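What follows is each chain in one-letter form.
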Amino acid sequence: MCFWSCFLTCPRCSSRIERRPDKLVLRTRVRAASGSCRCGQSSARVHGRYVRKLCDVTAGGLGVVIELRVRRFRCENTACTAVTFAEQIVGLTTPHSRQTPLLRGVLTRIGLALAGRAGARLASAVGITVGKDTLLRLVRALPEPEVGEVEVLGVDDFAFRKGRHYGTVLIDMATHRPLHLYEGREGEDLTAWLRDHPEVKVICRDRSSGYAEGARIGAPQAEQVADRYHLWANLGQAVEKTVNAHRSRLAEPPSEPADTPDEPQVVQLPTELKIVTRLREQHAAAHELWQQGMSKVGIGRKLGLHQATVRKLVNARSADDVVAKSLRRAHVVDPYVGYLHRRWNDGVRNATQLYREIQGQGYPGGELAVQRHLRQYRTGRGHAPDPGPKPPSVREVTSWIMTHPEHLRDEAAGKLYRLRERDPELDRLTLHVRKFAVMMTARHGDRLEDWITEVERDSLAPLAGFARNLRRDFDAVRNGLSLPHSSGAVEGNINRLKMLKRQMFGRASLDLLRKRVLLAR
């Protein structure tokens, strides 16, 4: 008989398959003479019969429904609380379930991989009709895996909502498998978990004081290892602050102009921006009050400035260090300044025409910005000054200093070399960074004390602050620069956790997120 005929009957068990447009229906029954109650008592006394419908995995793209004729027996054990019970088939039925174990396992794996709505869409594409809430219930019903013995533990935090709500994830560094996920990032929770796992020998973590204290109390026998990635990131922040303090010195000195007596001279110099003038006045006023003995809080109250602004003004050695950022601020016209000045010097003074010319070159701004840039040269009808090379940004210089010399392009290496020649402090900063890089990559943690002492004696305040902070967590930092352990596996799991969290936007409660993080592989 053809499989795709309307009915197919088995001659041995009288099971019958009916093909419908959207599914296959298998009608069958149990041939055993008796059933077994949950108390273990076997019974052959039939109380009644009913049809139980079970959904199974698809066949040929069609859904499969098993209509099973089930008997209900009377339990002959007088001590059993159940008067009657329904017979169960091992591997096919479970109490109160409308799905076979095979289909339940498939849906559970879909729920772990894609969660609710996305999982329901995938199941529908393969012929399984299921709701998003059903998938989430299947995931929540899964038991959490056993932790087992852990010798090397990784700890890091993640954000449920950045800046407001955080959680902590624990990773087995040997298998890169998540072990536990809990809300908050306080040391007490880590201490409680570590006391239940005294076998932990190494703890890889960031430089959070809460995790450091929790690890110290909960696992005093374990070595704490500060992550090298976070050490390098913190060093980069200190380098960027130092370079930012030298922003006014980043521009290369202008080259001497050639003797061109017939060339018209510049009649009017560009006027200073209002924000630059205001910053210079505030810097002078703040330093005058500071020299009179007034506190920073008092200066801020008198000048109407925020405390952070007062701190920046007082700590700046000169007004040029404060206004450098505003003077070097990027503008939409900057990439086309050279062309505009050449055309201006050729005698083209129509701003609308110049705007159309640079618009054809890809200029994304408006005509008003071009007019404002050229307005400063109109009074004397003189030549616009040569804009010269644009100074590198703070982040560019920071990246040059933080990059291995062999990996720098020739142009960037040349600019950094000339910058170090002009500024001795940036030269010393580069040397300090490269010494730390060698210490970190070659595992020379024994040199840490000498490096910190050398930096503290220098006049680079942000870098000295970074070095002083290393002393607060000296043992963990030295272990991080000496031992082969790294938190790379932790960071990878954090990225995966963020992906799972965003898949469940609006439904990512802690219990559901924990199941997916621990079980979805």
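What counts as what
- Per chain, residue numbering runs from 1 following the sequence as it is written.
- Where totals are concerned, whole chains, interfaces and linings use all residues; where local detail is concerned, this predicted model gives features only for residues with pLDDT of at least 70, and gives and counts side-chain atom pairs only at 80 or more.
- Only hydrogens and water are set aside when side-chain values are computed; all heavy atoms of the structure are taken into account.
- Strands are treated as partners if at least two bridges between them are detected by DSSP.
- Helix and strand labels come from DSSP, where a helix needs a run of H or I of at least four residues and a strand needs a run of E of at least two; each type is numbered from the N terminus.
- The convention used is that axes are lines fitted to C-alpha atoms, helices contributing only their stretch in contact, and that angles between N-to-C directions extend from 0 to 180 degrees.
- Residues count as neighbours in contact if any of their non-hydrogen atoms are within 4.5 Å of one another.
- Under this scheme an angle from 65 to 115 degrees is roughly perpendicular, one under 35 degrees roughly parallel, and one over 145 degrees roughly antiparallel; angles in between are oblique.
- The residue classification treats Ala, Val, Leu, Ile, Met, Phe, Trp, Tyr, Cys and Pro as nonpolar and Asp, Glu, Lys and Arg as charged. All others, Gly included, are polar.
- Residues grouped as a nonpolar core are buried Ala, Val, Leu, Ile, Met, Phe, Trp, Tyr and Cys residues, joined through side-chain atoms within 4.5 Å.
- Any residue under 20% of the maximum accessible area for its type is buried, any over 50% is exposed, and the rest in between are partly exposed; the area is computed with a 1.4 Å probe on protein chains only.
- For this analysis, a salt bridge means a side-chain nitrogen from Lys or Arg found within 4 Å of a carboxyl oxygen belonging to Asp or Glu.
- The arc in question is traced by the directions running from the helix axis to the C-beta atoms.

Enquirer: Would you mind going over the sheet that holds strand 13 (residues 223-226) in detail, with residue names and values included?
Expert: Taken together, five strands build an open sheet; the order of strands is 11-10-9-12-13 and the sheet is mixed. Because the sheet does not close on itself, it has two edges, and the strands there are strand 11 (177-183) and strand 13. With strand direction ignored, the average angle separating the axes of adjacent strands in the sheet is 25°. Across the sheet, helix 20 (residues 488-503) is in contact with strand 9 (152-161), strand 10 (165-172) and strand 11; its angle to strand 9 comes to roughly 30°.

Enquirer: Lay out the packing of helix 14 (residues 394-402) against helix 15 (residues 410-422) with the relevant residues and their values.
Expert: Relative to each other, helix 14 and helix 15 sit at 95°, their axes nearing to 10 Å. One way to sum up the angle between helix 14 and helix 15 is to call them roughly perpendicular. Across from Val 397, Trp 400 and Ile 401 in helix 14, the residues of helix 15 making contact are Ala 412, Lys 415, Leu 416 and Leu 419. Across the contact of helix 14 with helix 15, the residue classes break down as six nonpolar, no polar and one charged.

Enquirer: Could you give an account of the pairing of strand 11, naming the residues involved and the relevant values?
Expert: Across six bridges, the pairing between strand 10 and strand 11 is antiparallel. Across the sheet, Val 169 pairs through a bridge with Leu 181, a residue of strand 11. Counted along the chain from strand 10 to the antiparallel partner strand 11, the turn is four residues long, and its residue His 176 has a positive phi close to 60°.

Enquirer: So what's going on with the environment of Val 517? Residues and values would help.
Expert: Looking at where Val 517 falls in the secondary structure, it is placed in helix 21 (residues 510-519). Separated by 24 residues in the primary sequence, Val 517 and Asn 493 place their C-alpha atoms 8.6 Å from one another. The contact partners of Val 517, leaving out residues within four places of it in the chain, are Pro 178, Leu 181, Arg 496, Leu 497 and Leu 500.

Enquirer: I'd love a proper account of the nonpolar core, names of residues and values included.
Expert: Counting residues in hydrophobic clusters, the biggest one holds 35 residues, and the most contacted among them are Val 243, Leu 429, Phe 436, Trp 451 and Leu 470. Elements with a minimum of two residues in this core: helix 6 (228-245), helix 14, helix 15, helix 16 (424-441), helix 17 (448-457), helix 18 (461-472) and helix 19 (474-480). In terms of residues, this core owes the most to one element, helix 16, which gives six residues. Setting aside residues no more than four positions away along its own chain, Leu 470 makes contact with Arg 207, Leu 231, Phe 436, Leu 448, Trp 451, Ile 452 and Val 477. If you look at the next biggest cluster of nonpolar residues, it comprises 24 residues, including Val 202, Cys 204, Leu 497 and Ala 520.

Enquirer: Which residues make up the side chain of His 283, and what are the values?
Expert: Turning to its location among the elements, His 283 is positioned in helix 7 (residues 274-291). When near neighbours in sequence (up to four residues on either side) are disregarded, His 283 contacts Leu 313, Ala 316, Arg 317, Ser 318, Ala 319 and Val 322.

Enquirer: Provide a residue-level description of the pattern of salt bridges, including the pertinent values.
Expert: On inspection of all chains with the given rule, the structure shows 18 salt bridges. Among the ionic pairs, Asp 133 bridges to Lys 132, the shortest N-O distance being 3.4 Å. Note that Arg 471 and Glu 456 form a salt bridge whose closest N and O atoms lie 3.1 Å from each other. You can see Arg 471 sitting in helix 18 and its partner Glu 456 sitting in helix 17, a full 15 residues away along the chain. When salt bridges with common partners are traced through the structure, they connect Glu 449, Glu 456 and Arg 471 into a single cluster.

Enquirer: How would you summarise helix 17 if you had to cite specific residues and measurements?
Expert: An α-helix turns once per 3.6 residues; consequently, residues spaced three or four apart project the same way. By the burial criterion, the buried members of helix 17 are Leu 448, Trp 451, Ile 452 and Val 455. Buried residues of helix 17, seen end-on, are gathered within an arc of 95° and therefore sit on one face of the element. Residues of helix 17 that are exposed and point over 90 degrees away from its buried face: Asp 450 and Arg 457. Residues of helix 17 that are buried in the fold lie against helix 16, helix 18 and helix 19.

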